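Chain residues, written in single-letter form:
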Amino acid sequence: MGDFDYSVIWDNLPFLWQGLQLSLWLTFLAIIGGIVLGTGLALMRLSGFLPLSLFAATYVNLIRSVPLILVIFWFYFLVPLAIGRPIGGFYSALIAFVMFEAAYYSEIIRAGIQSVRQGQVHAGQATGMNYWQVQRYIVLPQAFRNMIPILVTQGIILFQDTSLVFVVSLRDFMTVSSIVARTEGRLVEMYIFAAIVYFIICFAGSMFVRRLQKGPTA
Amino acid sequence: MNYNWNWSVLWADPYLGWLISGVQWTFAVALAAWVIAFALGILIGVGRTLPSKPISFICTCYVELFRNVPLLVQMFIWYFAVPEIMPEDVGRWMKRDMPNPEYVTAVVALGLYTASRVAEQVRSGIQAVGSGLTSAAYANGLSTAQTYRYVLLPISFRLIVPPMTSEFLTIFKNSSLALTIGLLELTAQSQQIAEFTFQGFEAFTAATVIYVVIALFATMIAQTLERFTKIPGFVGKG
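Please read these numbers as outputs of a predicted model, since none were measured by experiment.

A. Layout of the overall build of chain B. Summing up its helical and strand segments, chain B has 10 helices and 0 strands in all. The helix and strand sequence of chain B, counted from the amino end, reads α-α-α-α-α-α-α-α-α-α. Taking the principal axes of the C-alpha coordinates as reference, chain B spans close to 70 × 50 × 30 Å. In chain B, which comprises 238 residues, the proportion classed as buried is 38%. Taking contacts inside chain B between residues at least 6 apart in sequence as the whole, the part at least 24 apart equals 78%.

Structure below.
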């Protein structure tokens, strides 16, 4: 432990910061995409129209039973094939994360929608609103308010999951740390540094969730 | 889309063997790690609910530490950093003489990581039993150990069967991370077949189907288990 070399971190800080930015950017876009697609899947599943709900249920259960790494491999293989030309690792990874996380978000959102009492829906219908108006003005706003803590928690998990783009060598924080570790021969320092950075971000995030849960709107 | 289908590649000579060996490694990692996760997770989960402040603090630290660092980082620390930090002869043994280093490391990393998740389930199960029963037990003169042995654990273990089975499934999925340190489990083998044969569609489909079958089996076993362990009156909780 005595010859712990901090300078390796200092010297490579700009490179590491670039990696962290990619991780955060990927997390942010995947959260947005995952929530949008997840809401669609949840509405399909609760629609009462059998083909739609069956499709959504199959999709969600399929995605939830395979590892994320396999999903990343799938989309790295499928996306360029489907589009007909390579579009770069970042977009393939982003699509994989959105498709994967949407399945998890849709389960959270479905529970959130079901937490809004039926009386609210009936009241909306009684005042002459159609299906979309009831969802848009009554159900979803309340559902999302109830779900905020869980959505943030899932966001933290998603941030940790982005480290898996390492398997396709996309230069996120994890991959960059590992590149520095190898080229400088400083494995111990770099992996412990990576662990500390992830820990600080995720721990701060979970403290934030705890405050949300205690907050006045909870 | 321009793609040459060739499903027979999955039955061709080396590739079928690769898949089978991949499934075996996936099971070997997941099951061994589950033993660690289950045993340690129960201890830590119970520890977090104990009245003793130092014990519950240590257990809380464990959970927060292992939950807030990505599993991939943990895997790398166990594989690359720990042998360097260890005393010299232990480190040398880990690097040179330890049998199956990838397997042992993957099991340890996955087991200790999943233990933190199991601990959270155990803790929430114990807390779901409610303070009324705990107070009643103490009022009857039961010691802390007896309260856990006769009241809290028997009820909470039955309450947490559903979330525990989902943790059990998660450990199979997370075992795929072992490929990052060079263990050729199912996902790695399918990727390798895709690279060797250019039949990515077939290779990934095979792996996907196998994972889905594992999930279906686990869900079936879980439902049977839930039927036997369900507590009337606690239905829907846990």
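B. A look at the overall build of chain A. Summing up its helical and strand segments, chain A has 9 helices and 0 strands in all. Its helices and strands taken in sequence order, chain A reads α-α-α-α-α-α-α-α-α from the N to the C terminus. Judged by the C-alpha coordinates and their principal axes, chain A covers about 70 × 50 × 25 Å. Residues counted as buried form 39% of the 218 residues belonging to chain A. The contacts in chain A between residues at least 6 apart in sequence include a share of 73% that link residues at least 24 apart.

C. Inspection of the nonpolar core at higher detail. Of all hydrophobic cores here, the largest spans 115 residues; its most connected members are A:I72, A:A194 and B:V73. When residues no more than four places from it in sequence are discounted, the contact partners of B:V73 are A:S163, A:M174, A:Y191, A:A194, A:A195 and A:Y198.

D. Main features of unusual backbone geometry. Even without being glycine, A:S169 reaches a positive phi, approximately 60°. Checked against the element boundaries, A:S169 lands in the loop between α7 (131–161) and α8 (173–184). In this structure A:S169 comes out as exposed when scored by C-beta crowding, with 11 C-beta atoms within 10 Å. One non-glycine residue, B:F198, adopts positive backbone phi at about 60°. By the secondary structure assignment, B:F198 is in the loop between α9 (186–197) and α10 (200–229). Here B:F198 falls in the partly exposed class, since 14 other C-beta atoms lie within 10 Å of it.

E. Local environment of the packing of α9(B) against α10(B). Residue and element names in this part refer to chain B. The contact between α9 and α10 brings their axes to 8 Å, and the two run at 165°. Classed by the angle they form, the pair α9 and α10 counts as roughly antiparallel. As α9 packs across α10, the resulting crossing turns out to be right-handed. Residues L186, T187, S190, I193 and A194 of α9 form the contact with α10, whose participating residues are G200, A203, F204, A206, A207 and I210. Tallied by class, the residues present in the contact of α9 with α10 amount to 8 nonpolar, 3 polar and no charged.

F. A look at the interface of chain A and chain B. The partner chain B presents 29 residues to the 29 residues of chain A that form the contact. Looking at the side of chain A that touches chain B, the elements that each hand over two or more residues are α4 (68–83) and α9 (187–214) of chain A. Looking at which element gives the most residues to the side of chain A that touches chain B, the answer is α9(A), with 11 residues. Considering only residue class, the side of chain A that touches chain B consists of 25 nonpolar, 4 polar and no charged.

G. How the structure looks around helix α7 (residues 144–159) of chain B. At B:L152, α7(B) shows its maximal kink, close to 45°; a proline, B:P154, follows between one and four residues later. Listed as buried for α7(B) are B:L152, B:S156 and B:L159.

H. Looking closely at the environment of B:R96. All names here are of chain B. Relative to the helices and strands, R96 is located in helix α4 (residues 88–96). A tally of 9 C-beta atoms within 10 Å means that R96 is categorised as exposed. Once the C-alpha coordinates of R96 and C59 are considered, the two residues, 37 residues apart in sequence, prove to be 33 Å apart.

I. Seen up close, the environment of B:E195. The topology assignment puts B:E195 in helix α9. Taking the C-alpha atoms as reference, B:E195 lies 16 Å from B:D13; in sequence the two are 182 residues apart.

J. Focus on the packing of helix α2 (residues 13–45) of chain A against α8(A). Residue and element names in this part refer to chain A. Interhelical geometry of α2 versus α8 gives an angle of 155° and a closest axis separation of 7 Å. On the basis of their axis angle, the class for α2 and α8 is roughly antiparallel. Facing F15, L16, Q18, G19, L20 and S23 of α2, the residues of α8 in contact are F173, T175, V176, S177 and V180. Tallied by class, the residues present in the contact of α2 with α8 amount to 6 nonpolar, 5 polar and no charged.

Rules and cut-offs
- The numbering scheme is per chain: residues are counted from 1 as the chain's sequence reads.
- Chains and ligands are labelled by the order in which they are written, letters from A for the one and numbers from 1 for the other.
- In keeping with the model being predicted, local features are shown solely for residues with a pLDDT of at least 70 and side-chain atom pairs are shown and tallied solely at 80 or more, while totals for entire chains, interfaces and linings include all residues.
- Secondary structure is summarised from DSSP: a helix means a run of H or I of at least four residues, a strand means a run of E of at least two, and numbering begins at the N terminus for each.
- Counting other C-beta atoms within 10 Å of a residue's own tells you its class, since 20 or more makes it buried, 12 or fewer makes it exposed, and anything in between is partly exposed; those C-beta atoms are placed from the backbone.
- This entry defines residue contacts through backbone-placed C-beta atoms, with two residues in contact when those atoms are within 7 Å.
- Note on terminology: a nonpolar core is any set of buried Ala, Val, Leu, Ile, Met, Phe, Trp, Tyr and Cys residues joined through C-beta atoms within 7 Å.
- The axes used here are C-alpha line fits, helices contributing only the stretch in contact, and every angle between their N-to-C directions lies in the interval 0 to 180 degrees.
- When an angle is under 35 degrees it counts as roughly parallel; over 145 it counts as roughly antiparallel; between 65 and 115 it counts as roughly perpendicular; any other value is oblique.
- For any helix crossing, the convention is left-handed if the near helix is rotated counterclockwise from the far helix by under a right angle, and right-handed if that rotation is clockwise.
- Under the convention adopted here, Pro, Cys and the residues Ala, Val, Leu, Ile, Met, Phe, Trp and Tyr are nonpolar, Asp, Glu, Lys and Arg are charged, and Gly plus all remaining residues are polar.
- To get the bend at a residue, fit one axis to the 7 residues ending there and another to the 7 starting there, then take the angle between the axes.

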